[in-house]
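Descriptive structure summary
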Amino acid sequence: MANHNNSQCLQCGKCCLANVFSLYTEKDLERWKQEKRYDILHVMEHWQPIWAGDHLISAGTGMYLHGCPFLKYMEDHTACSIYETRPKICRDYEPGSSRICPTWEAGDSE
């Protein structure tokens with residue numbers, strides 16, 4: 001298995017397009033409440049992501065959800081608009097640790 005700690009993030013946003021944000025935890029929600037991050041809580045309340053087979057939809061509207069709502073597109077890269085308080089799943093993600101990441105190499109574990 002490769003050491004992913006040495007992989008540099010390319011800021012391509014592909015991991016954010018995988019909808020990993022939908023895997024936020026109760027601890028994340030509690031932290032956002034304590035931080036008074038009503039912007040995030042509002043999005044999550046109205047977004048209500050649920051898995052429908054192999055993709056996400058909004059439980060409230062049935063709309064197909066594509067990517068994290070906090071992913072911002074810059075001229076030559078992407079950025080997280082809530083980086084300092086992003087969910088645990090995002091903080092724990094290591095560049096190169098899955099096939100979706102362009103820094104993943106054949107032979108790496110997923």
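Before going into details, it helps to say that this report is about the structure given with it. The structure presented is a predicted model; accordingly, all values stated were derived computationally and were not measured.

1. Considering the overall build of the protein chain
The helix and strand inventory of the protein chain stands at 4 helices and 5 strands. Each helix (α) and strand (β) of the protein chain, taken in turn from the N terminus, gives the series α-α-α-β-β-β-β-β-α. Across the 110 residues in the protein chain, those meeting the buried criterion constitute 30%. Of all intrachain contacts in the protein chain linking residues separated by at least 6 positions in sequence, the fraction that spans at least 24 positions is 57%. A total of about 7400 Å² of accessible surface is found on the protein chain, and carbon and sulfur atoms cover 53% of it.

2. Quick look at a nonpolar patch on the surface
On the surface, Leu-23, Trp-51 and Ile-89 cluster together to form a nonpolar patch covering roughly 280 Å² of accessible area. Along the chain, the position of Ile-89 falls in helix H4 (residues 88-92).

3. Quick word on the packing of aromatic side chains
By the definition in use, this model includes 1 aromatic pair. Where Tyr-24 meets Trp-32, the ring centres are 6.2 Å apart and the plane angle is 50 degrees; that geometry is what we call tilted. We classify Tyr-24 as partly exposed; its relative accessible area is 23%.

4. Notes on the nonpolar core
Leu-29, Trp-32, Ile-40, Leu-41, Met-44, Trp-47, Leu-56, Leu-65, Cys-68, Phe-70, Leu-71 and Ile-82 form the largest nonpolar core, which has 12 residues in total. Those elements that provide at least two residues to this core are helix H2 (26-34) and helix H3 (38-47). Broken down by element, the residue count for this core peaks at 4 residues, all from H3.

What counts, and where the lines are drawn
Residues numbered from 1 in each chain as written. Predicted model: local features only at pLDDT ≥ 70, side-chain atom pairs only at ≥ 80, totals over all residues. Heavy atoms only, no water. Helix = DSSP H or I, 4+ residues; strand = E, 2+ residues; numbered from the N terminus. Buried < 20%, exposed > 50% of the residue type's maximum accessible area, 1.4 Å probe, protein only. Contact = heavy atoms within 4.5 Å. Areas by Shrake-Rupley, 256 points an atom, 1.4 Å probe, with all protein chains shown as cover. Patch = residues over 30% accessible without salt bridge, like charges linked within 9 Å, V, L, I, M, F, W, Y side chains within 5 Å. Salt bridge = Lys/Arg side-chain N within 4 Å of Asp/Glu carboxyl O. Phe/Tyr/Trp six-rings, centres within 6.5 Å; stacked < 30°, edge-to-face > 60°. Core = buried A, V, L, I, M, F, W, Y, C linked by side-chain atoms within 4.5 Å.

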